[in-house]
Amino acid sequence: MIALLFSAGIAQAQEVVPTAISDVVAAGTKIEFIRDGFKGTEGPVQLPDGSVAFTETQEARITRIAADNSISTYLENTHNSNGLGFTAGGELVSVQHQPTRVGVIAPADKVRTLADNFEGLAFGRPNDIVVGKRVGIFFTDSGAAQKPDQPPVGKPAVYQITPKGELKRVANDIERPNGIQLSPDEKVLYVANTPGEHVIAYDIGSDGSLGGKRNFAKLAGYAKGDNGNYSSGADGLAVDEKGRLYVTSNAGVEVFSAKGDPLGVIPIPKKPQNIAFAGQDKKTLYVVGRGSAYKIALLTPGFAGRAK
């Protein structure tokens, strides 16, 4: 599965230095630049050996970053996968664009489709995914523009594949659902709404069903863009072992307490798209976006109960 190394291009630290966030990042910690020039940067997830993999969506490739920042191909022909997650049994699950579906893409003898439509309508553009142990799989469909020469597709929504394999649409009132994440105890589901001012949250019942939608955290990245529209740019989500939520936005990586209180922002040289904790101690935060990859040494590890 692992291909030959690319020329690594291990680069110099950028001149962006965060201020201290208590128990999260020390003042003066360097944002280490790994490499740029990737063809799409999404879906990072920790691999079993502690390294990290992310999707180059435009190349239908999953790329691996080792601890020494060397770059290699982890998997090819990924059907333009975006978000990634691992099941408890070690199967790599992704949301895919060509064709639009959710499925297992590795190992080779386990490849299969888990869902490719809801009530007869194909997904528009599956975006991100989180694989829980108790509540099954949740994924977002951020939607796609309807083309006149193509069959209709589903509108933006959040879906759940239950532990029994049943597909449910659990939310269809979010303008552009993007990143998705579970709290460590799997009692809260978080959804990033890219144009919105808040990260959205749902409490999860003992049967895996969702409670009402609520605004969880107000994003500092919410601002008026060059096009005149307001957007937070909220995208990828991650959680640490203390239940803090990390959100990529126009401002950088925003950090919130488990109650939604803002704790600070980690600035990134380029606007980030997605994030994942990795490393042997899971205390390195990998950030990808706009064709580039970075890593940051943090003080608290990511949640160890699942790959992401």
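Residues numbered from 1 in each chain as written. Predicted model: local features only at pLDDT ≥ 70, side-chain atom pairs only at ≥ 80, totals over all residues. Heavy atoms only, no water.

(A) Geometry of the sheet that holds strand 19 (residues 214-218). In space, the four strands of this open sheet follow the order 16-17-18-19, with antiparallel pairing throughout. The outermost strands of the open sheet, each flanked by one partner alone, are strand 16 (177-182) and strand 19. Averaged over all pairs of adjacent strands, the angle between strand axes in this sheet comes to 30°, irrespective of strand direction. Pairing of strand 16 with strand 17 (residues 188-193) involves four bridges; the strand directions are antiparallel. Across the sheet, proline 177 pairs through a bridge with asparagine 193, a residue of strand 17. (Pairing = 2+ DSSP bridges. Helix = DSSP H or I, 4+ residues; strand = E, 2+ residues; numbered from the N terminus. Axes fitted to C-alpha atoms, helices over the stretch in contact; angles between N-to-C directions.)

(B) Spotlight on the pattern of salt bridges. If you walk through the whole model with that rule in mind, you get nine salt bridges. With a shortest N-O distance of 2.9 Å, arginine 64 and aspartate 49 are connected by a salt bridge. In this pair, arginine 64 sits in strand 4 (residues 61-65) while aspartate 49 sits in the loop between strand 2 (42-46) and strand 3 (52-56), placing the two residues 15 residues apart along the sequence. For aspartate 49, a relative accessible area of 42% translates into the label partly exposed. A salt bridge links lysine 218 to glutamate 197, with the shortest nitrogen-to-oxygen separation between them at 3.6 Å. With lysine 218 in strand 19 and glutamate 197 in the loop between strand 17 and strand 18 (198-203), the pair connects residues that are 21 residues apart, well separated along the chain. Given the relative accessible area of 53%, lysine 218 is considered exposed. Overlapping salt bridges bring together Asp23, Asp240, Lys242 and Arg244 as one network. (Salt bridge = Lys/Arg side-chain N within 4 Å of Asp/Glu carboxyl O. Buried < 20%, exposed > 50% of the residue type's maximum accessible area, 1.4 Å probe, protein only.)

(C) A look at the packing of aromatic side chains. What the rule picks out here adds up to nine aromatic pairs. An angle of 80° between the planes, with centres 5.4 Å apart, marks the rings of phenylalanine 123 and phenylalanine 139 as edge-to-face. Of the two residues, phenylalanine 123 is situated in the loop between strand 11 (121-122) and strand 12 (126-131) and phenylalanine 139 in strand 13 (residues 137-141); the sequence distance between them amounts to 16 residues. Both residues of the pair, phenylalanine 123 and phenylalanine 139, belong to the buried class. Ring centres of phenylalanine 123 and tyrosine 159 lie 5.1 Å apart, and the angle between their planes is 65°; on these two criteria the pair is classed as edge-to-face. With phenylalanine 123 in the loop between strand 11 and strand 12 and tyrosine 159 in strand 14 (residues 157-161), this pair connects stretches of sequence that are 36 residues apart. Accessibility assignment for this pair places phenylalanine 123 and tyrosine 159 in one class, buried. Members of the aromatic cluster, joined through ring pairs, are Phe118, Phe123, Phe139 and Tyr159. (Phe/Tyr/Trp six-rings, centres within 6.5 Å; stacked < 30°, edge-to-face > 60°.)

(D) The pairing of strand 2, seen in detail. Of all the five residues making up strand 2, five are buried; the element is thus mostly covered by neighbouring parts of the structure. In this sheet, strand 3 lies alongside strand 2 in antiparallel orientation, the contact comprising three bridges. By the bridge assignment, valine 45 is partnered in strand 3 with alanine 53. Between strand 2 and strand 3, which pair antiparallel in sequence order, lie five residues; one of them, glycine 50, sits at a positive phi of approximately 95°.

(E) Layout of the sheet that holds strand 24 (residues 252-256). In spatial order, the strands read 22-23-24-25; together these four strands make up an open sheet with antiparallel pairing. At either end of the open sheet lies a strand with only one pairing partner, and these are strand 22 (237-239) and strand 25 (262-266). In this sheet, neighbouring strand axes are inclined to one another by 20° on average, regardless of whether the strands run parallel or antiparallel.

That is the geometry; function is a separate question.
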